[in-house]
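Analysis of the macromolecular model
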Amino acid sequence: MQLDQLKSLAKLIGDRRILDLFHADSNRAEGFSTSSGDLLFDYSKTQINDDIRSALIQLCDQAKLADRRTAMFAGQKINETEGRAVLHTALRNLDGGPVEVDGQDVMPDVLETLQRMRVFAEEVRGGAIKGAGGSFTDVVNIGIGGSDLGPVMATHALAPYHDGPKLHYVSNVDGAHIADTLRMLDPTRTLVIVASKTFTTIETMTNARTARAWMVDGGGDPSQQFAAVSSAVDKTAAFGIPEERVFGFADWVGGRYSVWGPVGLPVMIAVGSNAFDAFLRGGQAMDLHFRSAKWVKNMPVMLALVGVWHRQVLGYASRAVLPYDQRLLRLPAYFQQLEMESNGKSVAMDGSALAMPSGPVVWGEPGTNGQHAFYQLIHQGTDVIPCEFMVAANGHEPELAHHHRLLLANCLAQSEALMQGRSLDEARARMVDKGLTGEELERQARHRVFSGDRPSTTLIYPQLTPYVLGQIIALYEHRVFVEGVLLGINSFDQWGVELGKELATSLGPIVDGEVNTEGKDGSTAGLVEYALRHRG
């Protein structure tokens, strides 16, 4: 994708407003929406018209998106900097046939692991697998990054289906996190799942050792009450976890894409294997749609092209993800990692400097809470922030249907208000109705002007079920892949995470007071010395 192409796209806007597009085309909403199953993605409240959409779709062909998509699903090593395939899709390929990596079909191992997970989860849920004090009442998942964000997001999202032990998640190495989590639990009836592919992640292993000591001190049995999601069976054995309670996954599954496999074990324990299978089926359905639909009807592609239009063409630096569903409260953080760890790059695949902005800052909160926090800036701030709304047509509480109708009305009203705005003349008329005149009328009116013409998209679905959640997560995964292909970057490595880890390891002995601060910059040295002086 060349800069001159982007500039030519931007010129297609002129002084046209989004509302003008609706006035010119009474069927715009239908023409600028696409569906997959029961999901409907409406991107009509953006400045994209037929010409811009056609030009954006041409970028897909120029970037050979179809070839890259084929390569990913075929198990080719498209993660070139790490020499790995990218096959999280295989984890949800329940009946899609063989998937080969280096000439070997990986599906038998995937399906065998999935079946082991089902058996283990159902035996925990049914009480066949117990702790020292009886059936498990609680499960604590210890992980970080993709080993935490995915399952914690899905557990919240699928709360109506949660009929297993109570789930808890510990990720932060801050001792407060695990202390607050374990304080009210019974160490004889708690199952601990340690999720770390290498079983060396410092935050995870520090928390795991603390949980093990807590369990031993409280009369629990770690050999019966620990399980692991890891590929390092030697290290899990040394920790005392029986091999039959270790669930591994291959290096072609990145952490932020791993909720579909063993990392999703706590979710399966919470909601049951049938509901988890429905989650996988939803992801698989989106895979099939992504592989078969024409670009203009392809939901992940159109979601990605809207993102490219807003970030790389128009230069909007951030993107707000706004689910109008309280149970999706962790979804913005999940998408934040998915997008920013994947496409937060400054180097193209060939090693050259990226000649355009990379991924946006992704953030958000559930509606309606966000309306009483940061929507002021979205509506009247100096920066345009594209918004991605999502909402269900129905909630899970029929006796509270009036709540959901109000929620839905708020969601639709916000996207409408962002587009329409309020002119100065309209604001003046309101002040006249309030009895104001002269300079005070003018002053007050200006504070009530909304520029409008602020873009948004809406993803709407019948109800947040396991199947629909699977569709949504796979949709955004493929969106990130498409954006990465168009940018010419590797969306599947994360070298930016490594430097901080390395420096933290080297600083450990210094913070412990075992090594002096020689060689450290003045700021770091001064902060260490302050901490040592005030250590209790």
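Let me begin by describing the structure that accompanies this report. Per-chain numbering applies: the sequence of each chain, read as written, is numbered from 1 onward. Reporting in this predicted model follows two pLDDT cut-offs: at least 70 for local features of residues, and 80 or more for side-chain atom pairs to be given and counted; totals over whole chains, interfaces and linings ignore these cut-offs and use all residues. Note that the side-chain values use all heavy atoms of the structure and ignore hydrogens as well as water.

1. Considering the overall build of the chain
Note the following rule: Think of it this way: any DSSP run of H or I at least four residues long counts as a helix, any run of E at least two long counts as a strand, and we number them from the N terminus. Buried means the residue's accessible area, taken with a 1.4 Å probe over protein chains only, is under 20% of the maximum for its type, while exposed means over 50%, and partly exposed covers the values in between. Should any heavy atoms of two residues lie within 4.5 Å, those residues are considered in contact. Reported accessibility uses the Shrake-Rupley method at a 1.4 Å probe radius. Residues are deemed covered only where the shown protein chains occlude them.
For the chain, the count of helices and strands is 22 helices and 15 strands. Dimensions along the principal axes, computed over C-alpha positions, put the chain at roughly 75 × 60 × 60 Å. Within the chain, the fraction of its 536 residues that count as buried is 51%. Partitioning the contacts of the chain with sequence separation of at least 6, the portion at a separation of at least 24 is 74%. In the structure as shown, the chain presents an accessible area of about 23500 Å², 51% of it carried by carbon and sulfur atoms.

2. Some points on the sheet that holds strand β10 (residues 226-229)
The cut-off we apply is this: DSSP-based pairing: two strands are paired if at least 2 bridges between them are found. Between N-to-C directions, angles span 0 to 180 degrees; the directions come from axes that are lines fitted to C-alpha atoms, helices contributing only their stretch in contact.
Spatially, the five strands line up as an open sheet ordered β8-β7-β9-β10-β11, and their pairing is parallel. Either end of the sheet is taken by a strand with one partner, and the two such strands are β8 (166-170) and β11 (246-247). Alignment of β10 against β11, held across two bridges, turns out to be parallel. Residue A228 lies in a different strand from β11, and its bridge partner there is V246. Across the sheet, helix α8 (residues 175-182) is in contact with β7 (138-142) and β8; its angle to β8 comes to roughly 165°.

3. Here's the deal with the state of the cysteines
The condition is simple: Here, the term disulfide refers to a pair of cysteine sulfur atoms separated by no more than 2.5 Å.
For the coordinates displayed, the defined rule picks out zero disulfides. The structure places no disulfide on C411, whose sulfur is separated from the nearest cysteine sulfur, that of C387, by 10 Å. C411 gets classed as buried once you look at its relative accessible area, which sits at 1%.

4. Here we look at the sheet that holds strand β13 (residues 361-363)
With respect to topology, six strands assemble into an open sheet ordered β1-β2-β15-β14-β12-β13, the strand pairing being mixed. The outermost strands of the open sheet, each flanked by one partner alone, are β1 (33-36) and β13. In this sheet, adjacent strand axes meet at a mean angle of 15° when their direction is disregarded. Examined bridge by bridge, strand β2 (residues 39-42) and strand β15 (residues 456-461) share three bridges and lie antiparallel to one another. Each bridged residue has a counterpart across the sheet, and for D42 the counterpart in β15 is T458. Against the sheet, helix α14 (residues 299-313) engages β1, β2, β12 (318-324), β14 (387-392) and β15, with an angle of about 25° to β2.

5. A short note on the layout of surface pockets
As a reminder, the rule being used: Whether a set of points on the 1 Å grid over the protein atoms alone is a cavity depends on a 1.4 Å probe fitting there but being unable to get out, while an open set qualifies as a pocket with protein on both sides within 12 Å along at least five of seven lines; lining residues are those with an atom within 4 Å of a point. Grid points are joined across faces, edges and corners, and a volume is the space filled by probe spheres set on the points. Gly counts as polar in this scheme, as do all residues outside two lists: the nonpolar Ala, Val, Leu, Ile, Met, Phe, Trp, Tyr, Cys and Pro, and the charged Asp, Glu, Lys and Arg.
In this structure, the largest pocket encloses a volume near 990 Å³. Elements that contribute at least two residues to the lining of the largest pocket include exactly α7 (146-157), α9 (202-217), α15 (331-343) and α21 (498-511). The element best represented in the lining of the largest pocket is α21, accounting for four residues. Broken down by class, the residue content of the lining of the largest pocket amounts to 13 nonpolar, 16 polar and nine charged. By volume, the second largest pocket amounts to about 510 Å³. Looking at the second largest pocket, it is lined by 24 residues, and the ones nearest its centre are G395, E397, H403, H404 and L407.

6. Some details on the packing of aromatic side chains
Rules: What counts as a ring pair is set by centres within 6.5 Å for rings of Phe, Tyr and Trp (its six-membered ring), and what kind of pair is set by the plane angle: stacked under 30 degrees, edge-to-face over 60, tilted for all other angles. Comment: the charge-over-ring label is applied if NZ (Lys) or CZ (Arg) is within 6 Å of the ring centre and within 35 degrees of the ring normal.
Within this structure, the stated rule accounts for 16 aromatic pairs. With a centroid separation of 4.4 Å and 10° between ring planes, the pair formed by W260 and F279 is classed as stacked. You can see W260 sitting in the loop between β11 and α12 (265-271) and its partner F279 sitting in helix α13 (residues 273-292), a full 19 residues away along the chain. The two residues W260 and F279 agree in class, both being buried. Positioned above the aromatic ring of F290, the side-chain terminus of R69 is 5.7 Å from the ring centre.

7. Quick word on the pattern of salt bridges
Quick note on the threshold: Here a salt bridge means any side-chain nitrogen of Lys or Arg lying within 4 Å of a carboxyl oxygen belonging to Asp or Glu.
Under the defined criterion, the tally for this structure stands at 24 salt bridges. Of the charged contacts in the structure, one is a salt bridge between E80 and R68, with a shortest N-O distance of 3.9 Å. Of the two residues, E80 sits in the loop between α5 (65-73) and β3 (100-101) while R68 sits in helix α5, which places them 12 residues apart along the sequence. Residue R68 is classed as partly exposed on the basis of its relative accessible area of 23%. The network of salt bridges with common partners includes R319, E339, E388, R479 and E483.

8. A look at empty space enclosed by the protein
Applying the stated criterion across every chain, the model contains five cavities of 30 Å³ or more. Estimated volume of the largest cavity: approximately 80 Å³. Lining the largest cavity we find 15 residues, and of these G307, H310, R319, P386 and E388 sit closest to its centre. Of all the secondary structure elements, the ones that give two or more residues to the lining of the largest cavity are α14, β12, β14 and β15. Ranked by residues supplied to the lining of the largest cavity, first place goes to α14 with four residues. Along the lines of polarity and charge, the residues of the lining of the largest cavity split into six nonpolar, five polar and four charged.

9. Side note on α9
Rules: By definition here, a helix of n residues has an expected span of 1.5 Å times n minus one.
Taking 1.5 Å as the rise per residue, α9 with 16 residues should run 22 Å; its terminal C-alpha atoms sit 23 Å apart, in good agreement. Every buried residue of α9 is listed here: T204, M205, N207, A208, A211, W214 and M215. Remark: G219 follows α9 within two positions and exhibits a positive phi of approximately 90°.

10. Here we look at the pairing of β8
For clarity, the threshold we go by: Note on handedness: a clockwise path from strand one over the helix to strand two, with the strands aimed away from the viewer, defines a right-handed crossover.
The buried count for β8 comes to four of five residues, which makes it a mostly enclosed element. Tracing the backbone out of β7, into α7 and back to the parallel element β8 gives a crossover that is right-handed.

11. Notes on the pairing of β1
Bridge count between β1 and β2: four bridges; the pairing is antiparallel. The residue bridging S33 from the neighbouring strand is D42, located in β2. Where β1 folds back on β2, the antiparallel hairpin that results is connected by two residues, among which G37 adopts a positive phi of roughly 60°.

12. Regarding unusual backbone geometry
At the junction of G367 and T368, the peptide bond is cis and its omega measures out at 15° in the coordinates. If you check the backbone angles, K64 has positive phi at about 55° while not being a glycine. Tracing the sequence through the fold places K64 in the loop between α4 (50-62) and α5.

13. Notes on the nonpolar core
Applied cut-off: We define a nonpolar core as any set of buried Ala, Val, Leu, Ile, Met, Phe, Trp, Tyr and Cys residues linked to one another through side-chain atoms lying within 4.5 Å.
Ranked by internal contacts, the top residues of the largest apolar core, which has 113 residues, are W252, F335 and L469. Broken down by element, the residue count for this core peaks at 13 residues, all from helix α20 (residues 466-487). For F335, the residues in contact, after removing those within four places along its chain, are V321, V362, M390, I472, I473 and Y476.

That's the geometry; what it means functionally is another story.
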